[in-house]
Amino acid sequence: MEGRGGPASWRARKRARIMRNQPSNIFRVDTGQGSGLDTTQKNNGLDTPLGAGPLMRSHELPETIVGLRFAEARAAEVNAMLHAVSQKGSVHRVFQTLPHYMRRRAMSSNVKRLPRGLRAAADKETQGTQAKPVSKCRSRKARRQHRNLLEEYNRRQRHHVWLETHVWHAKRFHMKECWGYRLAERPSAKTFRISFRAMDRHCLLQDISYYSCIEVSGRQEDLLQRLCRLTSKEAGMTFASKECLGGRRQGSLVLYKVEGFPSQPLGPVTFIWRPLLTPVVEESKHRQLWIWIHPAMKKEVIEELQQVIGCLIPVRPKPSDASRLTKPVPEGASGNQSTGHDTRRKRKRSRSAARPEKVLGDGTRHISDATSWITENGDMVLTDLTMELVRLRLVGPLANCVLTTTLHLADSPQVSEEGPTSWWTKHSKDPLHRELHEKQRRKFSLLAGLQATSDVPSGTILGLTVGDPRLDLPGKRSKALPGRTAEADREDAEQFTRHGFDAQLAWSALWDYAIRDEVTKKKMPEQELNELRRKVLVPGSRLNLGAHEAAVPMLLVQQGGRETGRALCGWGAAWDIILPKGWAMAFWIPLVYREALVGGLRESERHSMYRGVPHFPDDFPDCVAGARHTAEYKAQALDKFKRYPPDKRPNYVKLGVQSPFAPPWDLLAQEWDAMQSDSKDFWDFLKLEGENQVEGFLTEQQEVRVEEDEPQVSKDMGDECKEASLFYTIRNQRLLARLAVWCGLGRAPRRPAGLPESSDGMGPSLAESLFLASSHSYGFVWVRLELLERGTPEHHAAVSIPSSDDLAKLKADKTYSGPLEPKQSDPFKPQLRAEGKQKKIEKGKKKKKKKNRDQEKRNYEDENECEDVLIKGLHPEPLSNVVSHCSRLLLGSVARGDFSLAEGAGRCFGFVSLVGLLRVILHQQLVGLRPPGGGRRPLVLVRNPNSLQYRFAWLSVEVQWS
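Note that the structure is predicted; figures quoted are calculated from it, not measured. (Residues numbered from 1 in each chain as written. Predicted model: local features only at pLDDT ≥ 70, side-chain atom pairs only at ≥ 80, totals over all residues. Heavy atoms only, no water.)

## Quick look at the overall build of the chain
Here's step 1: A tally of regular secondary structure across the chain gives 31 helices and 25 strands.
Here's step 2: Partitioning the intrachain contacts of the chain with sequence separation of at least 6 by distance along the chain shows that 76% fall at a separation of at least 24.
Here's step 3: Carbon and sulfur atoms make up 50% of the accessible area of the chain, which totals about 51800 Å². (Helix = DSSP H or I, 4+ residues; strand = E, 2+ residues; numbered from the N terminus. Contact = heavy atoms within 4.5 Å. Areas by Shrake-Rupley, 256 points an atom, 1.4 Å probe, with all protein chains shown as cover.)

Right under this line is the structure:
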């Protein structure tokens, strides 16, 4: 017997290797001479192997063969052979079966790189997989041509609007698609602290050009008469404010639907009136008004403005005005449209074609879309200036220094020649314009001596005409620092820090459409500017263009800092730069070279939080845009929650949180309204003070009921709001100021109409509380919450009312962190188990049955629909008993919470029910269990959605005076 590596084993392996691809009905017959025949016979030797029968030896052949029968027997063998050849003997793909010296990585994606004989098999493998379309322009040289790059740039911003600084941001930021734009969300740096330091100590730069500008023009009296239907004097500033009407200040307000105050808000806006250079007769004043709105509310605002002003007739753009848009490129085309085999005639034709223009503005807008609407008699015009103006924001105390070192005012032209500065030459001929330009130059130079941006009054507007900032670009990045104010200018600086600038200094040629269009079209390209720099005799010296230097009109608008609270007064003040389109990058790079750190949407949210103002649309749940944003956030959070297994996600049912992703505002408003409808039961907790006081309170209650019969009582709250069961945010300035006084902040303002007199002027009486509770039962108040000790509040944390025992424990022990919510049982657990067993049974049945992929996909979608009805860890909708679901009554919810780097502690802002807030204030005022150190501010409890721990927090109402 031979060993393992002997001839016998070697022959067996060789025979197995030879026979591995042979049909099963053919086998090899060995002869004594070492050869074999692979033929069979049956009825003339066609089905039995030769040499196996008793009448014939293996080396002999049959005498006769019937051709038809022989062919039929060979057909099965041929079919088996073809089947064996077509089947791959391994799991490798076609390009992996090539010899090693022929293999290339590119063959896995490009079938045409394979040998011709293998391309058909490779095509079958790639069927069903969508391959990326191969660019028709193969060479990199052709792709990098300026014309093809420009066409590709215009094509890519056809679905989402790109800002002019998009390419700069895309290299350094995480981008996000929202509101029809492609915006920078946060920088690639993994920390926010560096951005906070820029806002707190130096300067933070942001591109907020995505804000839409709506221009309304017409007679001043008619505009004010119609626009007043969208605002209310009770909510603060209106379009008719005296300081804003002259054009010297920017105003801010909350727009409502027509006659919709206070329950139908649209959102916050800012507005600027065009100043008048010369006094005009009041009756013949034709004014322009710019209204800046967030893109999330643009559609609703334009519809309301068209309705209230009557501008319903669209004005189609002229062909000359549509030069900003190029002819649409077919989808999927990029670069040169040739196939790579162009003739000389085709190449010459493509070079002689018109050069495409760069899309500036809204690339998603079609050339025939209307951007202006007029009234029937043509006296009023409504124009959409979206992306027609560039708006940059500089946040921080040293924003003044960055501006003064970056910008230099344009010089008066010495030679009147038609060129890039033709409009500036015409303006300089007027002595009034020359004098105004010199005044603006002197006032602008005073900004360099200010120590902080907040030294300038909020809303101050300064119009300027500056030169091309690219000419003063420093050789390397340098930090701008404040200087000293000269003795001669110190008095002027003190005067404008108190009162701001005059209305005449706010004038700018930016309001003129023809001038804006000329400045945009005649801007010198970077290529020409660099070519001129190359020819300068002294390298690095400033390029002097003379009369060919651009003169860019612009507006500087001061954004006020923090105006409320006990600390950080003036923090977060900023300057906004408004420019004509096409000049964003020309100003952006010089500002970055002055070490202005760049931020995105995340920095805007934190900036609003530290300033203590609501951020749109996150903190406006009563608006249409806010409700839409809440629904999108809830869907995303729910989808993320489902992706985690049940043991890796919090069980909100056991935590007692009914709606962790979006607060149920409507249910909260309805339940608090139902609770205060029976006043005796609602104020039953006041029996702790004795029966005599309760009787006195009931007497006051009867007086309130008598006053409620008067028509002036329900002035702020209409019955239609209660019938619609819609909550709203209280923005009545006098009422908020009254609440601020009751919470221990501010001075007592003038009493609102119909409000009963307070007992001592410092705190609310029961009569006042009952009156406000009945008038604003669906109202919510924007409040600020400061945690007493440790803890970081999160978004959508619950704000609850502490009990008397909680206050007593805190008064006895100042280190008392707060009560714990008892862990609740899961009443849906049996139902979930039954559904789980049913799913397992159905899953076992599916394994037995063979179904196609489409049927399995439909079953998977049906399962997801069933999961939406009942999900482990979530309460099914509709919800009930939201206020009293936990051991402490639910007062409201946190809209925005985090650790505040500005204050070094956990801070949050949220909304609480006015009815519940009055109950808290009155209870803690009468019971007197408030611990020292917080003044007269009420105490509430804050609990994060994924925790059972309540933590004490001071509550304060901060009035945003506008």
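Now, onward.
## Some remarks on the pattern of salt bridges
Here's step 1: Summed over the entire model, instances satisfying the criterion amount to 39 salt bridges.
Here's step 2: In this structure, E438 engages R441 in a salt bridge whose closest nitrogen and oxygen atoms are separated by 3.6 Å. In this pair, E438 and R441 both sit in helix α14 (residues 431-445), three residues apart, roughly one turn of the helix.
Here's step 3: Among the ionic pairs, D468 bridges to R470, the shortest N-O distance being 2.7 Å.
Here's step 4: By relative accessible area, D468 is classed as buried at 2%.
Here's step 5: The structure contains a network of salt bridges with shared partners spanning R562, R784, E786, E903, R907, R937 and E958. (Salt bridge = Lys/Arg side-chain N within 4 Å of Asp/Glu carboxyl O. Buried < 20%, exposed > 50% of the residue type's maximum accessible area, 1.4 Å probe, protein only.)

## Focus: the sheet that holds strand β11 (residues 313-315)
By way of backbone hydrogen bonds, the strands of a sheet pair with one another, either parallel or antiparallel.
Here's step 1: Strand order in the open sheet formed by seven strands is β8-β9-β10-β7-β13-β12-β11, with antiparallel pairing between adjacent strands. Each end of this open sheet is capped by a strand with a single partner; those strands are β8 (251-256) and β11. Geometrically, the sheet is characterised by an average inter-axis angle of 30° between neighbouring strands, direction not taken into account.
Here's step 2: As paired elements, strand β7 (residues 212-219) and strand β10 (residues 286-293) share eight bridges and run antiparallel to each other. By the bridge assignment, V216 is partnered in β10 with L289. (Pairing = 2+ DSSP bridges. Axes fitted to C-alpha atoms, helices over the stretch in contact; angles between N-to-C directions.)

## Here we look at unusual backbone geometry
Here's step 1: The omega angle of the peptide bond from F616 to P617 is 0°, so this bond is cis rather than trans.
Here's step 2: Secondary-structure assignment places P617 in the loop between α19 (601-611) and α20 (624-643).
Here's step 3: P878 follows E877 through a cis peptide bond whose omega is 5°.
Here's step 4: Considering the arrangement of structural elements, one finds P878 in the loop between α30 (853-869) and β22 (890-900).
Here's step 5: One non-glycine residue, E595, lies in positive phi territory at about 60°.
Here's step 6: Mapped onto the secondary structure, E595 falls in the loop between α18 (584-593) and β18 (597-598).
Here's step 7: Owing to a relative accessible area of 31%, E595 belongs among the partly exposed residues under this scheme.

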